[in-house]
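# Structural overview
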Amino acid sequence: MDFNLSEEHIMIREAARNFAQTELLPGVIERDEKQQFPDTLVKKMGELGFLGVMVDPKYGGSGMDAISYVIIMEELSKIDASASVIVSVNNSLVCYGMEAFGSEAQKEKYLTKLATGEYIGAFCLSEPEAGSDATSQKTTAIDKGDYYLLNGTKNWITNGGRADVYLVIAQTDRDKGSHGINAFIIEKGMEGFHIGPKENKLGIRGSDTHTLQFNDVKVPKENRIGDDGSGFRFAMKTLAGGRIGIAAQALGIASGAYELALKYSKERKAFGTEICNHQAIAFKLADMHTEIEAARHLVMKAAWDKDQGNDYNVSSATAKLFASTVAMRHTTEAVQIHGGNGFVKEYHVERLMRDAKITQIYEGTSEIQKIVISRTLTRD
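Residues numbered from 1 in each chain as written. Predicted model: local features only at pLDDT ≥ 70, side-chain atom pairs only at ≥ 80, totals over all residues. Heavy atoms only, no water.

### Side note on the nonpolar core
Going by this rule: Residues belong to a common nonpolar core when they are buried Ala, Val, Leu, Ile, Met, Phe, Trp, Tyr or Cys residues joined through side-chain atoms within 4.5 Å. Partly exposed describes any residue whose relative accessible area lies between the buried limit of under 20% and the exposed limit of over 50%, with all areas from a 1.4 Å probe on protein chains only and scaled to the type maximum. The criterion used for residue contact is that any of the two residues' heavy atoms lie within 4.5 Å.
Leu76 and Leu167 are the most contacted members of the largest nonpolar core, which has 90 residues in total. Filtering out sequence-adjacent residues up to four positions away, leucine 167 remains in contact with Leu93, Val94, Met98, Ala122, Phe123, Cys124, Phe184, Ile185, Ile225 and Phe234.

### Notes on the packing of helix H7 (residues 231–267) against helix H8 (residues 279–308)
When two helices pack together, their arrangement is captured by the angle between the axes and the distance separating the axes. Applied cut-off: Structural elements are reduced to axes, namely lines fitted to C-alpha atoms, with helices fitted over the stretch in contact, and the angle between N-to-C directions of any two is expressed from 0 to 180 degrees. Numbering of helices and strands runs from the N terminus; a helix is a DSSP stretch of H or I covering at least four residues, while a strand is a stretch of E covering at least two. Working definition: roughly parallel below 35 degrees, roughly antiparallel above 145 degrees, roughly perpendicular at 65 to 115 degrees, and oblique for all remaining angles. Should the near helix be turned anticlockwise from the far one by less than a right angle, the crossing is left-handed, and should it be turned clockwise, the crossing is right-handed. Nonpolar residues are Ala, Val, Leu, Ile, Met, Phe, Trp, Tyr, Cys and Pro. Charged residues are Asp, Glu, Lys and Arg, and all others, Gly as well, are polar.
Running from N to C, H7 and H8 point in directions that differ by 155 degrees, and their axes come no closer than 10 Å. The angle between H7 and H8 falls in the class roughly antiparallel. Considering only the axes of H7 and H8, their crossing is left-handed. Each of Ile244, Ala247, Ala248, Leu251, Ala254, Ser255, Tyr258, Ala261, Leu262 and Ser265 in H7 lies in contact with H8, whose residues at this interface are Ile281, Leu285, Met288, His289, Ile292, Ala295, Arg296, Val299, Ala302, Ala303 and Lys306. For the contact of H7 with H8, the residue count by class is 16 nonpolar, three polar and two charged.

### Quick notes on the packing of H7 against helix H10 (residues 349–358)
Between H7 and H10, the shortest axis-to-axis distance is 10 Å and the interhelical angle comes to 160 degrees. Accordingly, the angle class assigned to the pair H7 and H10 is roughly antiparallel. Relative to H10, the crossing made by H7 is left-handed. Between H7 and H10, the contacting residues are Ile253, Gly256, Ala257 and Leu260 on the first element and Val349, Leu352, Asp355 and Ala356 on the second. A class-by-class count of the residues in the contact of H7 with H10 yields six nonpolar, one polar and one charged.

### Brief notes about helix H6 (residues 104–114)
Under the convention used in this document: Arc, as used here, means the arc of the directions from the helix axis to the C-beta atoms.
Among the residues making up H6, those that are buried are Gln106, Lys107, Tyr110, Leu111 and Leu114. Relative to the axis of H6, the buried residues are bounded by an arc of 115 degrees and lie together on one face. Residues of H6 that are buried in the fold lie against helix H5 (81–101), strand S1 (121–124), strand S4 (165–171), strand S5 (181–187) and strand S8 (224–225).

### Some words on the pattern of salt bridges
This is how it is decided: We define a salt bridge as a contact between a side-chain nitrogen of Lys or Arg and a carboxyl oxygen of Asp or Glu at a distance within 4 Å.
Evaluation of the coordinates by the stated rule reveals 25 salt bridges. Across the pair lysine 221 and aspartate 143 runs a salt bridge whose closest N-O atoms are separated by 3.1 Å. Residue lysine 221 is located in the loop between strand S7 (209–220) and S8, and its partner aspartate 143 is located in strand S2 (residues 140–143); the two are separated by 78 residues in the primary sequence. Classification of lysine 221 as partly exposed rests on a relative accessible area of 29%.

### Digging into the environment of arginine 174
Cut-off, in case you're wondering: In protein, a polar contact requires one atom able to donate a hydrogen and another able to accept it; more generally it is a pair of N or O atoms within 3.5 Å, and residues adjacent in sequence count only if both atoms are side-chain atoms.
Structurally, arginine 174 is set in the loop between S4 and S5. Separated by 135 residues in the primary sequence, arginine 174 and aspartate 39 have C-alpha atoms spaced 39 Å apart. Ignoring any residue separated from it by four or fewer positions in sequence, one finds arginine 174 in contact with Gln137, Lys138 and Thr140. For arginine 174, the side chain forms a polar contact with the main-chain oxygen of glutamine 137, separated by 3.0 Å.

### Comments concerning the pairing of strand S3 (residues 147–158)
This is how it is decided: The pairing criterion for strands is at least two bridges between them, as found by DSSP.
The pairing of S2 with S3 spans four bridges and is classified as antiparallel. Looking at the pairing, alanine 141 lines up with leucine 150 of S3. What sits between the antiparallel neighbours S2 and S3 is a turn of three residues, in which glycine 145 has the positive phi angle 95 degrees. Pairing of S3 with S7, which is carried by nine bridges, proceeds in the antiparallel orientation. By the bridge assignment for S7, leucine 149 is matched with lysine 218.

### Brief notes about the environment of aspartate 133
Counting through the fold element by element, aspartate 133 comes out in the loop between S1 and S2. C-alpha separation for the pair aspartate 133 and asparagine 4, spaced 129 residues apart in sequence, amounts to 38 Å.

### Focus on the packing of aromatic side chains
The following threshold applies: Stacked, tilted and edge-to-face are the three classes assigned to paired rings of Phe, Tyr and Trp, where Trp is represented by its six-membered ring and a pair needs centres within 6.5 Å; plane angles under 30 degrees give stacked, over 60 edge-to-face, the rest tilted. Charge over a ring is defined by NZ of Lys or CZ of Arg lying within 6 Å of the ring centre and within 35 degrees of the ring normal.
This model, assessed by the stated rule, comprises seven aromatic pairs. For the ring pair phenylalanine 19 and phenylalanine 50, a centre distance of 6.0 Å and an interplane angle of 85 degrees mean the geometry is edge-to-face. Taken together, the positions of phenylalanine 19 in helix H1 (residues 7–24) and phenylalanine 50 in the loop between helix H3 (39–47) and helix H4 (66–79) put the pair 31 residues apart, joining distant regions of the chain. When its relative accessible area of 4% is taken as the criterion, phenylalanine 50 is described as buried. When the centroid spacing of 5.3 Å and the interplanar angle of 75 degrees are considered together, the rings of phenylalanine 101 and phenylalanine 234 count as edge-to-face. Highlighted residues: phenylalanine 101 in helix H5 and phenylalanine 234 in helix H7, separated in sequence by 133 residues. With respect to burial, phenylalanine 101 and phenylalanine 234 carry one shared label: buried. Cluster of aromatic residues (ring-pair linked, three or more members): Phe101, Phe123 and Phe234. Its end group placed over the ring of tyrosine 148, lysine 221 keeps NZ or CZ at 5.3 Å from the ring centre.

### Brief notes about the pairing of S4
Burial analysis of S4 places seven of its seven residues in the buried class, the great majority of the element. As defined by bridge partners, S4 adjoins S5 across seven bridges and the pair is classed as antiparallel. Bridge pairing in S5 links tyrosine 166 to isoleucine 186.

### Considering the side chain of threonine 359
Looking at the secondary structure, you find threonine 359 in the loop between H10 and helix H11 (366–377). At a separation of 2.7 Å, a polar atom in the side chain of threonine 359 contacts the main-chain carbonyl oxygen of alanine 356. Those residues within four positions of threonine 359 in sequence are excluded, and the remaining contacts are Ile246, Gln249, Ala250, Ile253, Lys320, Ser324 and Ala327.

### Observations concerning unusual backbone geometry
The general pattern is negative phi for most residues beyond glycine and trans for most peptide bonds. Backbone geometry at isoleucine 204 places phi at a positive 35 degrees, although glycine is not the residue there. Within the secondary structure layout, isoleucine 204 lies in the loop between strand S6 (193–198) and S7. For isoleucine 204, a relative accessible area of 4% gives the class buried. At histidine 348, a position not held by glycine, the phi torsion is positive, near 75 degrees. Examined against the element boundaries, histidine 348 turns out to sit in the loop between helix H9 (313–338) and H10.

Everything listed here is a matter of geometry and, on its own, says nothing about what the molecule does.
What follows is the structure, encoded as structure tokens:
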């Protein structure tokens, strides 16, 4: 097995790292405090090809592999997880879902703009009562012959207020269970589509999170993605890829916190020497390095599985479960290593700690990942 990055992957890492350091870092604290969506930076990320990383170039994408995608996600997340989650949703959920399941007409109309950043996308599965359980959707899309009539509520929608295109999962025939679910393309501005107030969140505060209301929205038949009843498969396959992006985000948050803690430990002195020389701190750094390396290998394995055409359902769930746990654990340790300064915004680690928590929640909680993994392990 070759664990070395290719020259192309190294170049991609350097480009993402340079963008994160020169473009994302300035103003990241202010954006977090004011919950500012990084409009200008999103446009620049689109120009760099970060919003359509894996999309075929014929649709305006970069045509890169999943390894490239997780490399980009890690570097962006080290600095600004709010910016990286915009990249994650647009790539893993919206662009992938459209390219893998959409019609040629849908790809020409929407994917070509999503992949370049001209449009921003949102993925709408979560509901107030159903969460990420696609089989328990209360949102309905009733077939009216020439169109579907969409009614329901979606919440915790990333890019909810800024998106131009929304992929909405809804029940079309409850009696058919998972075979009665479909995915639809909704455009901002459709009559009956209302965007609720922005959520005031603990972390990833620069990202745009809203509740969406659909009240008798007429959805053209050509806006259904895939065959009738294919929405459950669409949601499950898309979420599996989404876990890879979130695992890479968690990895980036953890490694960003570790790099800051390591640097600080070499500068801060206590009891006559740099604190990295004290065993209490040195052991923390050793644990952080070890678990972050383990998380990186799991994330890369999941991306490799996707690139190879292997089943990546379990590897993506495993990567997300472990990487998100590592992110929460070691951003907390980074704050501890910084001492009182870790509680101060200018040192960045408190923001990374707040951002880390969401990686254990979205794209399915840690408990859901354990269900995905254990069901596969115990299957006859």
